[in-house]
Amino acid sequence: MSLLNPSALWLALVGLPVLLLFLLKVRRREVVIPSTLFWRRVLAQKRESAWWRRLRSLLSLLLHLLFIAGGTFALTQPFLQPSDTSDQPRLSVIVVDTSASMRTVEDADKEETRLDEAREKIFAKLDALVPGTKVAVIGAGVRPEIIMPVTDDRASVRTALEKMEATDTGGDLMAAIDLADDLAMANAPAEVEVFSDGGGVEEGAARREDAPKLVYHRIGLEDRNVGITAFALRRLPASDAELEMLVGLKNTTDKEVALELQIYLDGVQIDSVGVEVAARSDEVKVFNRAMPRGGAVGVAISEESAEKAGDALPADNYAYTMLADRDPIKVLLVSSGDDFFLTKAIGENPAFEAYIVTPAEFGSSAGMDVVVFNEVAPAKEPVANALYVSSVGSKIPFVAAPKKLDLPTVRYLDEEHPLLRHVELHDAAFAASRPVTPPEGSTVVVDGTAGPLLVAWERTERRDAYLAVSESDSDLPLRVAYPNLISNLVTWLGEPRGEDTPPVLNTGEIARIPVSDGVKELLVVLPNGEEDHVEVRPGMSVVPYGHTVHAGIYVATEVYSDEALAKLAADKGAGAGATAFSPVPRRFAANLTDLRESDIAPVEELGLDESAPPTVVMASGIWSWLASRPLWRYLVIIALALIALEWLLYARRWVY
Amino acid sequence: MHNQAPSQTDRVSEVFGTDFLKKLEYLAVVAKKLFSGMQKGERRSTRRGTSVEFADYREYSQGDDLRHIDWNIYGRLEKLLLKMYEEEAELFVYLLVDVSRSMDWGTPVRKVDYAKRVAAAVAYIGLSSQDRVVLSTFNEGLSEKSEPLQGKRQIFSVFDFLERAESFGKTDLTATLDDWARMKMRKGIAIVVSDFLDEKGVEEGLKALRTARFETHLVHVIDPQELEPDLDGHVEVIDSESGEKRQVFISPEVMKKYKEEVTGFCADFERRCSERGVGYVRATTDVPFEDLILRMLRRGGLVL
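Residues numbered from 1 in each chain as written. Chains lettered and ligands numbered in written order. Predicted model: local features only at pLDDT ≥ 70, side-chain atom pairs only at ≥ 80, totals over all residues. Heavy atoms only, no water.

Participant: Help me understand the interface of chain B and chain A, please; the structure alone is not making it clear to me.
Facilitator: Accessible area lost on assembly of the parts is the figure often given for the size of an interface. Between chain B and chain A, the residue contacts involve 34 residues of the former and 27 residues of the latter. Contact with chain A buries area across many residues of chain B, yet H234, F249 and E261 of chain B alone supply 19% of it, more than any other trio. For the pair chain B and chain A, the interface holds 3 salt bridges. When the shortest N-O distance is used, the salt bridge between R41 of chain A and E261 of chain B registers 3.5 Å. (Contact = heavy atoms within 4.5 Å. Buried area = accessible area lost by both parts, 1.4 Å probe. Salt bridge = Lys/Arg side-chain N within 4 Å of Asp/Glu carboxyl O.)

Right under this line is the structure:
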């Protein structure tokens, strides 16, 4: 044992006056009373022997001296030091789990999270370290991060730890342990201390054989959580205005919980739905909701229902995704008549903006997304993508026979093709069809005995389709499949249009953000308001961005070089001398949605390979707490207990 | 310089303040009102024992009270002779005031002063009733004894006697009362005013009084500080009479036991007096003495 502050031993001299005071007889107050008759009788009731009085006096003296000794010893700050200092670690590598589960609230009153608990334990650990021992701190988030390189400056370590925050990501604890092992072995003898709730290590994962002993400080006790583990949405085929939403939910509590899911669009709540999740289960809920436009769509478990369920981890209670804006497809129908069903199928679809003209009125398809020729052929190939319904003409890309063939039947269906989604044609009856020769590179989606019935042709920046059966040549218009088929055809031909729907990321994943020519920097605003400036090197068309540590919506804005900006402004101004050009920000979402992180129950053991170097588990609890405290605190506690005992003896004694 | 005889008013001292006489007069009036209409022998008090002085014999005649026949004479002479008693004309009231060192204690009123006031008050009521009052002071034995006094004017003699008495010496009730009972005195009411703090107790003394056929009343004077001392911590208590010292650590627990002891002593004393037909009044010095006297009169334990 060594002393950090041996000069405090001088305080032991305080014991001398205490001893002196005990040796001096206490001067008693003299009081003359009429008679000592009653006092003698009282004293006679509990007369104790002189030796016991002396013993008690000595005991009191002893307790006082022990108190002074304990307090003095505590102030010297003693610490235990092994006799063989060659094995004494010179470096302590501290691995702190910073994954989302460390945001679990362990003490709701104090709003203390697991990370706070870990921080407190590390501070205690730092206090108890032998002077001279260096420290390094590694954060175990989705990727290991060195929070503090090897240093003996404890104040810097404390500052770094105080600034450390838990992320919204999953954690790769094993990667952090590997990094800590590398660091420890390069600075042997060293020790590795892991402060975590235990997630992020694959069962049986092995450390290096020569790695040092690992101490696993298990953090946390709480295991109750409700959270969102998956979130996806898609537009319904029948209607662009309606969404099908899929929400994965986890309930780790022992009872079934009723949750209110709040649906947000660009931060404004627009709807809510109540769901129930069985005890200790993962469930997927699917429901349809109208969505008037695109934007940042979010789903969140309401605070009230989460609190009612006893939720301890709010970080997994929300998820977002971006929904692209969809402008209605502008469709121009050129028809000579006999188009009742076709007109209905196009005109009644809210996703389409239909215009109908006669062949005589048709001049140009400019400004249209799709043009439909019903048994007519244009004088020249239209600018817009086109659907030809039994059309014959030299200026169309499909070569069709002038004469129809009777009673064709369906011979083949490409059921995987998007044109046949929700379309059943097996038993459709056709009176006649116009034989068409599919151009090279085109796809025969429906083939019949009299030639292709439906041909799709996708070329660079252009799509066309040919439907060989007119409205009057089959019972198709009477079938449910008909409006679906027309909708699929127009939708397929109308794409691509509007903003691409970016993929939803899990937090910690790398986002790949497309950039335009001339962009020198990408300004990324994180969900918490922080800003990242990402340099874009010349020639890059996609920028990888990995700082997706917070769940929510990220906004990436392109920053152009001066030359590129001037060029773009000039192009846009088209001689008007205008220089205004404002790039459109790109938004993307990152969600925690991690089953492992939502399962917040602390892991008993890390699950490392048994043959790996030894692992010591320090559970979260009173003994762990005690073991992590330096010696002087115990001495202070003992000293206080002694003085309390002495006081008790003084207050309760019956020395007459 | 020449000494001038003090006037009656001047004689009123600290113990018997200026309004003391007024209070005594008031008490005397109250006493008369309380017992007005009562004939001799009808009072609830023990006057029946005051006419016991033998006078002569006469022969028995029919209708005489058989209880007065002297059966000893009949045994020797075979004659029925009646014992004739001298009719009691006056009541003798004997006041014995403790002036030992233990009585010289108390704040704001010393116990001895309080005892003197009580004695003076009782004496005045007796003098007002034309009773004969005899005052005595005692400590280890009888200190002084006055001549029998009669008539209200003698109250100043009472004051003089009591004021002269100084506190000293130990208390010895047994010796005092025993000696006093042996003195050849007319029977009457014996009122002992004391704190009764005597190691040997008061039993033997009371027995002597009872044997001498005195109607006995005890006025137990206690200072409130004796009942609930304002003491705590390390204290050395010194006995005012013996000088004996005792070291005490007074904790709440100890103080509780002390109070139990004092209360038990008083209760036990009162119970024993009651069993022996002795009147007992506890007089705490924070109670005005006139209230005490009225209480004594009204309770009927002491009627003059």
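Participant: I would appreciate a short explanation of unusual backbone geometry in the present structure.
Facilitator: Excluding glycine, most residues fall at negative phi; most peptide bonds, likewise, are trans. Residue and element names in this part refer to chain B. Residue P108 follows T107 across a cis peptide bond; omega there is -5°. With respect to the helices, strands and loops of the structure, P108 is situated in the loop between β3 (92-98) and α3 (111-128). Despite not being glycine, E78 shows a phi value in the positive range, around 55°. Counting through the fold element by element, E78 comes out in the loop between α2 (71-77) and β2 (81-85). Take E78: its relative accessible area is 66%, and that puts it in the exposed class. Despite not being glycine, R213 has its phi angle at roughly 65°, a positive value. Residue position: R213 is located in the loop between α6 (203-211) and β7 (215-222). The class of R213 is exposed, set by a relative accessible area of 62%. (Helix = DSSP H or I, 4+ residues; strand = E, 2+ residues; numbered from the N terminus. Buried < 20%, exposed > 50% of the residue type's maximum accessible area, 1.4 Å probe, protein only.)

Participant: Even after reading the chapter, I still don't get the pattern of salt bridges, so can you show me in this structure?
Facilitator: Pairing between side chains of opposite charge can happen when their charged atoms approach one another. Counting across every chain of the model gives 49 salt bridges over all chains. Salt-bridge contacts for D210 of chain A lead to R208 of chain A; the nearest nitrogen and oxygen are separated by 3.9 Å. Judged by its relative accessible area of 52%, D210 of chain A falls in the exposed class. Its salt-bridge partner being D271 of chain A, residue R289 of chain A comes within 2.7 Å of it at the nearest N-O pair. Of this pair, R289 of chain A sits in strand β15 (residues 281-290) while D271 of chain A sits in strand β14 (residues 268-277), and the two are 18 residues apart along the sequence. Using a relative accessible area of 28% as the deciding quantity, one classes D271 of chain A as partly exposed. One network of salt bridges, with partners in common, ties together E203, D268, R271, R272, E275 and R276 of chain B.

Participant: What exactly am I supposed to notice about the sheet that holds strand β29 (residues 462-467) of chain A here?
Facilitator: Strand pairing in a sheet relies on backbone hydrogen bonds, with the paired strands running either antiparallel or parallel. Residue and element names in this part refer to chain A. The 8 strands lie next to each other as β19-β18-β20-β21-β29-β28-β27-β24, forming an open sheet whose pairing is mixed. Only two strands of the sheet have a single partner each, and these edge strands are β19 (352-357) and β24 (410-413). Recorded for the sheet is a direction-independent mean angle of 15° between the axes of neighbouring strands. Here 5 bridges tie strand β20 (residues 370-374) to strand β21 (residues 385-389), and the two strands are oriented parallel to one another. Of the residues in β21, the one forming a bridge with N374 is V389. (Pairing = 2+ DSSP bridges. Axes fitted to C-alpha atoms, helices over the stretch in contact; angles between N-to-C directions.)

Participant: Teacher, can you tell me more about a nonpolar patch on the surface here?
Facilitator: A cluster of nonpolar side chains, W10, L13, L16, L19, L20, L23 and L24 of chain A, forms an exposed patch at the surface whose accessible area comes to about 790 Å². On the accessibility criterion, L20 of chain A (52% relative accessible area) is exposed. (Patch = residues over 30% accessible without salt bridge, like charges linked within 9 Å, V, L, I, M, F, W, Y side chains within 5 Å. Areas by Shrake-Rupley, 256 points an atom, 1.4 Å probe, with all protein chains shown as cover.)

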